[in-house]
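So the chains spell out like this:
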Amino acid sequence: MIKIHSIETLGALDGPGIRTVVFFSGCPMRCLYCHNPDTWQGGELRDETELAEMCTRYKAYYGKEGGVTLSGGEPLMQSAGAVKLLKELKTRGINTAIDTGGGVYLPEALELADLTILDIKHPDPVKFREITGAGQDSLIKTLEYLRSHGKKFWVRHVCVPGITDTVQTVAEVKRMAAGAEKIELLPYHTMGVHKWEKLGLKYSLAGVPPLSEEKLRELNLSL
Ligand code: SF4
């Protein structure tokens, strides 16, 4: 069984093509700018086979590139459920992707998925801990596994003004991402702040503005 926060059908942002995105509950990290803090707790228990069957109902929309993305929260935290769901989807011929913050190292899942989308919050271990409250061990092991096994992966990096938006930080992310098929720089936004307030949590980045389009362009040019 998997504790699920929500399911989005026909999503176009979390991996290639049209995808069903399964948002798992729970995360071992506590990123300062998390836009899904509502996934940290709670959730509804769902059976993996039933979930796979539900996802299969949309198979006609997935086309050549689309499929199912396991996201969250941290989808690899519920390790047995994540592996079982990936296997169930694979037997149904559905393309799978994992959208992970690198907070859990789970080689069995990395092996099964057709694509891993790995978020590098910060290349520096000290700053990484300041942002996420966690260490980089799992992230480093995940990168090593993906590279050494020739697995397809993308790297994402959220550019937060004054924290993770320097050319130097982006260059370090690029170095860490060696072997990635694609590197995506995402602009920091404040659209998730209301969720923190609703949960009664203090948002420590209050006052930090969204990243400007101009700055994002500059950083993309430096890649
Ligand atoms: S890894 Fe993702 S879900 Fe977990 S705290 Fe960070 S941003 Fe939020």
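A.B. asks: Quick question: what am I supposed to make of the overall build of the chain here?
C.D. replies: In terms of regular secondary structure, the chain is built from 9 helices and 8 strands. For a compact globule of 223 residues, the expected C-alpha radius of gyration is about 17 Å, and the chain comes in at 17 Å, within 12% of that figure. Looking at the chain residue by residue over its 223 residues, the buried ones come to 51%. Considering only intrachain contacts with a sequence separation of at least 6, the fraction spanning at least 24 residues in the chain is 71%.

A.B. asks: Looking at this structure, how should I read the packing of aromatic side chains?
C.D. replies: The tally for this structure, following the rule as stated, stands at 3 aromatic pairs. Taken together, a centroid distance of 5.4 Å and an interplanar angle of 80° make the contact between Trp40 and Trp196 edge-to-face. In this pair, Trp40 is assigned in the loop between β2 (19-24) and β3 (44-46) and Trp196 in helix α8 (residues 193-198), connecting sequence segments 156 residues apart. We note that Trp40, like Trp196, is buried. Each ring, one from Trp196 and one from Tyr203, has its centre 5.1 Å from the other, and the planes form 70°; the classification is edge-to-face. Given the relative accessible area of 7%, Trp196 is considered buried. Three or more aromatic residues joined by ring pairs make a cluster, and in this case those are Trp40, Trp196 and Tyr203. Just above the ring of Trp40 sits the side chain of Arg30; from NZ or CZ to the centre is 4.2 Å. For the cation-ring pair, Lys182 lies above Trp154, with the distance from its terminal atom to the ring centre recorded as 3.8 Å.

A.B. asks: Teacher, can you tell me more about helix α5 (residues 125-132) here?
C.D. replies: One turn of an α-helix holds 3.6 residues; hence residues three or four places apart share an orientation. Of the residues making up α5, those classed as buried are Phe128, Ile131 and Thr132. Looking down the long axis of α5, one finds its buried residues gathered within 80° of arc, a one-sided arrangement. What points out from α5, more than 90 degrees from its buried face, is the exposed set Val126 and Glu130. Residues of α5 that are buried make contact with α6 (137-148). Count one or two residues on from α5 and you reach Gly133, which has phi positive near 80°.

A.B. asks: Would you take a moment to explain the site of the ligand for this structure?
C.D. replies: Neighbouring residues of the ligand: Cys27, Met29, Arg30, Cys31, Cys34, Trp40, Gly73 and Lys121. Per-class residue counts for the shell around the ligand are 5 nonpolar, 1 polar and 2 charged.

A.B. asks: Help me out: how do you make sense of the side chain of Thr69 in this one?
C.D. replies: Its location among the elements puts Thr69 in strand β4 (residues 67-71). At 2.6 Å, the side chain of Thr69 forms a polar contact with the backbone oxygen of Asp14. Reaching out from Thr69, the side chain makes a polar contact with the side chain of Arg19 at a distance of 2.7 Å. Those residues in contact with Thr69, other than ones at most four positions away along the chain, are Asp14, Arg19, Thr20, Val21, Val22, Ala97 and Asp99.

Cut-offs and rules
- Residues numbered from 1 in each chain as written.
- Predicted model: local features only at pLDDT ≥ 70, side-chain atom pairs only at ≥ 80, totals over all residues.
- Heavy atoms only, no water.
- Helix = DSSP H or I, 4+ residues; strand = E, 2+ residues; numbered from the N terminus.
- Rg over C-alpha atoms; globule rule 2.2 N^0.38 Å.
- Buried < 20%, exposed > 50% of the residue type's maximum accessible area, 1.4 Å probe, protein only.
- Contact = heavy atoms within 4.5 Å.
- Phe/Tyr/Trp six-rings, centres within 6.5 Å; stacked < 30°, edge-to-face > 60°.
- Lys NZ or Arg CZ within 6 Å of the ring centre and 35° of its normal.
- Arc of directions from axis to C-beta.
- Near = heavy atom within 4 Å.
- Nonpolar A, V, L, I, M, F, W, Y, C, P; charged D, E, K, R; others polar.
- Polar contact = N/O pair within 3.5 Å; in protein donor to acceptor, adjacent residues only side chain to side chain.

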